[in-house]
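Below, each chain spelled out in residue letters.
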Amino acid sequence: MGQTSYFMSDKKIPKLVGLFFLGILLFNFPIINLFRKDQFVSGFPALYAYFFLVWLVLIIFIARTVRSKQNDK
Amino acid sequence: MSEETKKVLLVDDEPNILVAIEFLMEQNGFVVEKAYNGEEALAKAKVFQPEIIVLDVMMPGMDGFEVARILRNTPSSSEVKIIFLTAKGTEADKINGYSKGGDIYLTKPFNNDELVMVVSELAEYG
Amino acid sequence: MTTSIAVFSSIVYILVLFLIAYYADAKARQGKSIVNNPYTYALSLAVYCTAWTFYGSVGKAASLGGLTFLTIYIGPVLIAPLWIFIVKKIILISKSQRITSIADFISSRYGKSTTLGIIVTLIAVIGIIPYISIQLKAINSSSSILAYQSDWLGDLLDGSAFYLEKAFLIAVILTIFTILFGARHLDPNERHEGLIAAIAFESIWKLVAFLAIGIFVTFGVYGGFEDLFSQAYQDEELSKIFSINDSGIESWSWSWLIILSMSAIMLLPRQFHVMVVENTDPKFVEKAAWLFPLYLLLINIFVIPIACGGLLHFPNGQVEPDNFVLSLPLYYGNDLLALFVYLGGLSAATGMVIVAVIALSIMISNNLVMPVLIQTSLIKESAKKDLSKTLINIRRVSIVMVMLLAYIYFKYVSTEYPLVSIGLISFTAIAQFLPVVIGGLYWKNATRKGAIAALLSGFFIWAITLGWPTMADAGLFSPYTIENGYFGISFLKPFALMGMDGTDHVAHSAFWSLLINVFVFITVSLNTKQRQIEITQADLFVDIEKYTQTGGDFEVVKRKAKLDEIKELMYRFLGRESGKKVLKGFAKTRKIDLSKMENANAEIINFAETHLAGAIGAASAKIVLKSVVKEDSISLEEMLSILDRTQEVIQYSKELEKKSKELQATTSQLKTANKRLKALDELKADFVTTVTHELRTPITSIKSLSKIIYDNEDLSTEKRGEYLSIVVRESERITRLINQVLDLEKVQSEAAEVKKEKIDFNDLVQKTSHGLEEILNQKGITYDFNFPEGVLKTLGDFDRLTQVVLNILSNAIKFCDDENGKINLSLEKDNKMITLKISDNGDGIKLENQQLIFEKFTQLSSQKLGKPKGSGLGLFICKEILRQHNGEIFVESKEGEGATFVIKIPSLN
């Protein structure tokens, strides 16, 4: 393992920054304000469900971006 | 004091110098053998078994210091008296000569009487 | 549950922690690290989740902050993808510079500034103390709730003596454990594998405990999420918990809280410690970037259900929402689960306290106390003492001090506020580091003065908008200012600066402090100049990628020091044993023998500095080393940095380079000349010795033999004749020598003009060589002389040229093979030159000597002749004579294959 591999390839950085801004967008007003307290999604309050769903999706995206290392090289 | 005649080996690469020393030694009752370089000197020393060796320092091939070192390390000749005779005459050369196993250090040109006296004394008293 | 059981379980739990730490340390010493993997690393980051998460999230949600509590976890999740290059960069920089704390990091970046180290440390200590205090509060209240049946121990602890007060005892026990975990011995890298193992274990425990209580409430007490949520929804008031609008938080505050938590996850001293200092491999960050958000998701998923459950069961506020987590299982008589959950809360609290206090103690000792000790004469007085003991004691005292302050804050402020509010005060203080850290990583022009001004102004705003008013609010000071503003000026109200009323206090403070902070940082940086060391450090931080790729040469300073002094310093600050070990390792990897070195080179000094920086902080290490290291006024790295920036300097340095090259050339010329002079001097001395020897030898024979003739009148005529002839011959020998020396003088003196007449060179060579034939025959040397037909005309001095030919031929006779001597002579002529070649079949002349033999006084000793015959002047004289005739002489030879002397002289047509 060379020391250079400590850094991500340049291709990845825009992806990661993109994820960062996507998260900021999804986890902020006004989007989160769209959910009303009387909305339910299969028994879960809509906002509650939304938060954890987006959260999970972000985790999967981060994991996929990090793991796609071999393809970059 | 032993009655038998003493043997002297003369070593020098200059034959003309040897002619002079040989005369002086024989005149004073020594049995003389001559050698013209280091190797010859070592060979003659073994056979001739001299009590005294007059040894030139600057010789082609093996120099006088080396001859002296080998003689001192050979049991049969470790006790032999060595007189260095050399054209190198500085104090440093003298000290170097004594450290190389010489008993006496004489510089060229030498004084005939001095050489004879030194050899006789060494022969008699060691 | 009785007090005894609660107390006993807590102690057993902490002992288990300690055993884990001990085991991990032992494994680490065997080289089998159990923490060197990305999972342990991600779990250690979960030290972020404290009692605040464990009890406070439910508390915040149940006080109908609704989902606001999530901001604290959304921030870290959002920034996690950026870790992969930001945190990695910080780690690489920190490893290369042996940075051991956030204070060290900021101080290092801005020119290893002592001042910045002190400022960051003070902000961190002041900022984190409230945070530690809420952990005490959580342990205190949770243990009270758990131990609802007071027994003898409970009675004892409720006694009036302060040292028997529970919170105080908790503080004492935590202090002891913190010292045991983090300040038992001094590690130059500040790596504590045992601690990390224990923290990872705690992270698992608190997660499992929280999931357990979540599952218990959701599926045990209620019939699953749907049942729980629909019941909660029945209650008009309670249903607000599912909404953002009803929580009263505005988008403004929401965003600021996320920004605060983003900075906290990286910059809180304990987070920096586990994330950067304890990191064993920068690649772990990649996995942690999604594992840690996953951990946060899991630990948050049941917060709302538990809050709903709590509110449904304790609707009238008889139980403080912060305590729902523990009160619910107790309410249902599940004491065992309650104990398990309580220990989960304990693990969350202890993990935070231990790591935070260790991180703070490192900062206090390295960035606050050491610089002061070093600059006052305290260190000098104990000159020869092993200072590693002093250092470890400073650490211990720091730990005690921090815990004491946290306890005092708990006693007088924390009790008045819910957990989350206090925690956010800390977050806002720590967020002041964000601009200088991010600027430090990506903006080369950020200056030390800019950083100092930014931190001081940001922290000042924090102090007047959050720190101080919170204490005033708690009743420590008069609430006058809160109502009327500082100095009675209404737009200086602590919670409504510039009339910005009605916002959340934390968001309000975060906005103003960070605004001023960033503004000051940029303005001052743009208007101040960096010192040289700042430029260097800025380059090393911002361009760390470049430096790691070029092979890790981080510093190229021209520094010199005595190795012994460097060693002594390392022994003093690292301890003799560990100092020796470290140096030994260094010598081994670099394959150098330190025992043979007198002076430490730049590499050793850098190594020492980074190691000392690990022990006492970058700024202190710099100061300490300064006492023994001599630094060149302009170091290479500074030169390079300056080159990068100013054209002017580039020009200047080019001139410098030129000058220095010129100087170098002159120096080397002088050196060569000096060498020649010395060699000539030696040659001259040799010459005198040789001439003396050569004179003494014939004189010896002459003197001795003439004395014999004189003393012995009765000598036979024969002998007398023989001796006399020797005397004559030896006298002639002396005459020859004297003539040669005189010849030399003649040849060399410019006044002696060569008389040039037309001569026949063919005739000259023939006459000379024929004269030698008798000797050649005597010695049994075969010879082959080839002369051309006719006349070879040239201009020259007949005698001199004869001398040359004679000399070369005599040499050939002297040096040719003893038994089968062979000499060839050839003479020829082309257009312009006459060439005479004389070759022998002797030993030949080594290539390196082929020039030398024509120099004055040079004699080669040969195996055959031993001591050189002659004066060493012959060939020099030949060369001089030919030079005067516009000719040349040189030799062609291979060792062992004889030599050919070539003489060239211009022909006359």
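Residues numbered from 1 in each chain as written. Chains lettered and ligands numbered in written order. Predicted model: local features only at pLDDT ≥ 70, side-chain atom pairs only at ≥ 80, totals over all residues. Heavy atoms only, no water.

With that settled, consider the overall build of chain C. Helix and strand counts for chain C stand at 35 helices and twelve strands. The buried share of chain C, taken over its 909 residues, is 56%. Within chain C, residue pairs in contact and separated by at least 24 positions form 80% of the contacts whose partners lie at least 6 positions apart. Surface exposure of chain C reaches about 39100 Å², of which carbon and sulfur atoms provide 58%. (Helix = DSSP H or I, 4+ residues; strand = E, 2+ residues; numbered from the N terminus. Buried < 20%, exposed > 50% of the residue type's maximum accessible area, 1.4 Å probe, protein only. Contact = heavy atoms within 4.5 Å. Areas by Shrake-Rupley, 256 points an atom, 1.4 Å probe, with all protein chains shown as cover.)

This part is about the interface of chain C and chain B. Between chain C and chain B, the contact holds 24 residues from the first and 21 residues from the second. Between chain C and chain B, a total of about 2000 Å² is buried, with carbon and sulfur atoms accounting for 56% of that surface. Counting across the chain C and chain B interface gives one salt bridge. Where chain C packs against chain B, one counts six residue pairs in polar contact (both at pLDDT 80 or more). Looking at the side of chain C that touches chain B, the elements that each hand over two or more residues are helix 31 (647-711) and helix 32 (717-748) of chain C. With twelve residues, the top contributor of residues to the side of chain C that touches chain B is helix 31 of chain C. The class makeup of the residues in the side of chain C that touches chain B is seven nonpolar, seven polar and ten charged. (Buried area = accessible area lost by both parts, 1.4 Å probe. Salt bridge = Lys/Arg side-chain N within 4 Å of Asp/Glu carboxyl O. Polar contact = N/O pair within 3.5 Å; in protein donor to acceptor, adjacent residues only side chain to side chain. Nonpolar A, V, L, I, M, F, W, Y, C, P; charged D, E, K, R; others polar.)

Residues and elements named next belong to chain C. Positionally, Ser 101 belongs in the loop between helix 4 (71-97) and helix 5 (102-109). Distance from Ser 101 to Val 277, taken between C-alpha atoms, is 7.0 Å for residues 176 residues apart in sequence. Not counting residues within four places of it along the chain, the set of residues in contact with Ser 101 comprises Phe 272, Val 277, Ile 362, Met 363 and Asn 367. Of the polar contacts made by the side chain of Ser 101, one reaches the backbone nitrogen of Asp 104; its length is 3.1 Å.

The next thing to look at is the sheet that holds strand 2 (residues 31-35) of chain B. Residue and element names in this part refer to chain B. With respect to topology, five strands assemble into an open sheet ordered 2-1-3-4-5, the strand pairing being parallel. Sheet topology places strand 2 and strand 5 (104-107) at the edges, where each strand pairs with a single neighbour. Strand-to-strand twist in this sheet, taken as the mean axis angle between neighbours without regard to direction, amounts to 20 degrees. Relative to strand 2, strand 1 (residues 7-11) runs parallel, the two being bridged by five bridges. Within strand 2, the residue paired with Lys 7 across the bridge is Val 31. Sitting on the sheet, helix 2 (residues 38-48) is in contact with strand 1, strand 2 and strand 3 (52-56), with an inclination near 150 degrees to strand 2. (Pairing = 2+ DSSP bridges. Axes fitted to C-alpha atoms, helices over the stretch in contact; angles between N-to-C directions.)

An α-helical turn contains 3.6 residues, so a residue and the one three or four places further along point in the same direction. Residues and elements named next belong to chain C. With 17 residues, helix 8 (residues 166-182) ought to run about 24 Å at 1.5 Å a step, and its terminal C-alpha atoms sit 24 Å apart, in line with that. Among the 17 residues of helix 8, twelve are classified as buried, and the element is accordingly described as predominantly covered. Turning to helix 8, its buried residues are Lys 166, Ala 167, Phe 168, Ile 170, Ala 171, Leu 174, Thr 175, Phe 177, Thr 178, Ile 179, Phe 181 and Gly 182. (Expected span 1.5 Å × (residues − 1).)

A few words now on the confidence of the model for chain B. Predicted confidence across chain B gives a mean pLDDT of 85, with 95% of residues reaching 70 or more. Highest mean pLDDT in chain B belongs to strand 1 of chain B (93); lowest belongs to helix 4 (residues 91-99) of chain B (76). (pLDDT = per-residue confidence, 0-100.)

Grouped together as the largest cluster of nonpolar side chains are 216 residues, with contacts concentrated most on Phe 51 of chain A together with Trp 83 and Phe 433 of chain C. Considering every element that reaches this core, the biggest residue donor is helix 16 (residues 335-375) of chain C, with 20 residues. Setting aside anything within four residues of it in sequence, one finds Trp 83 of chain C in contact with Leu 45, Pro 76, Lys 88, Ile 265, Met 266, Met 275, Val 285, Ala 288, Ala 289 and Phe 292 of chain C. Ile 781, Ala 812, Ile 877 and Ile 889 of chain C belong to the second-largest nonpolar core, a separate cluster that totals 44 residues. (Core = buried A, V, L, I, M, F, W, Y, C linked by side-chain atoms within 4.5 Å.)

Another aspect to go through is the pairing of strand 11 (residues 888-893) of chain C. All names here are of chain C. Side-chain alternation along strand 11 places Ile 889, Val 891 and Ser 893 on a buried face and Glu 888, Phe 890 and Glu 892 on a face that remains uncovered. With six bridges joining them, strand 11 and strand 12 (residues 899-906) adopt antiparallel strand pairing. Residue pairing for strand 12: Glu 888 is matched across the bridge by Lys 904. Hairpin remark: strand 11 followed by strand 12, antiparallel, with five residues in the connecting loop; positive phi at Gly 896, about 85 degrees.

The next point concerns the pattern of salt bridges. All names here are of chain C. Overall, the coordinates contain 13 salt bridges over all chains when judged by the stated rule. Between Asp 763 and Lys 767 there is a salt bridge, and its shortest N-O distance comes to 3.4 Å. Taken together, the positions of Asp 763 and Lys 767, both in helix 33 (residues 761-779) and four residues apart, correspond to about one turn of that helix. On the basis of relative accessibility, which here comes to 29%, the residue Asp 763 falls in the partly exposed class. With a closest N to O distance of 3.0 Å, Glu 880 and Arg 883 form a salt bridge. Of this pair, Glu 880 and Arg 883 both sit in helix 35 (residues 874-884), three residues apart, which is roughly one turn of that helix. Residue Arg 883 is classed as partly exposed on the basis of its relative accessible area, which comes to 46%.

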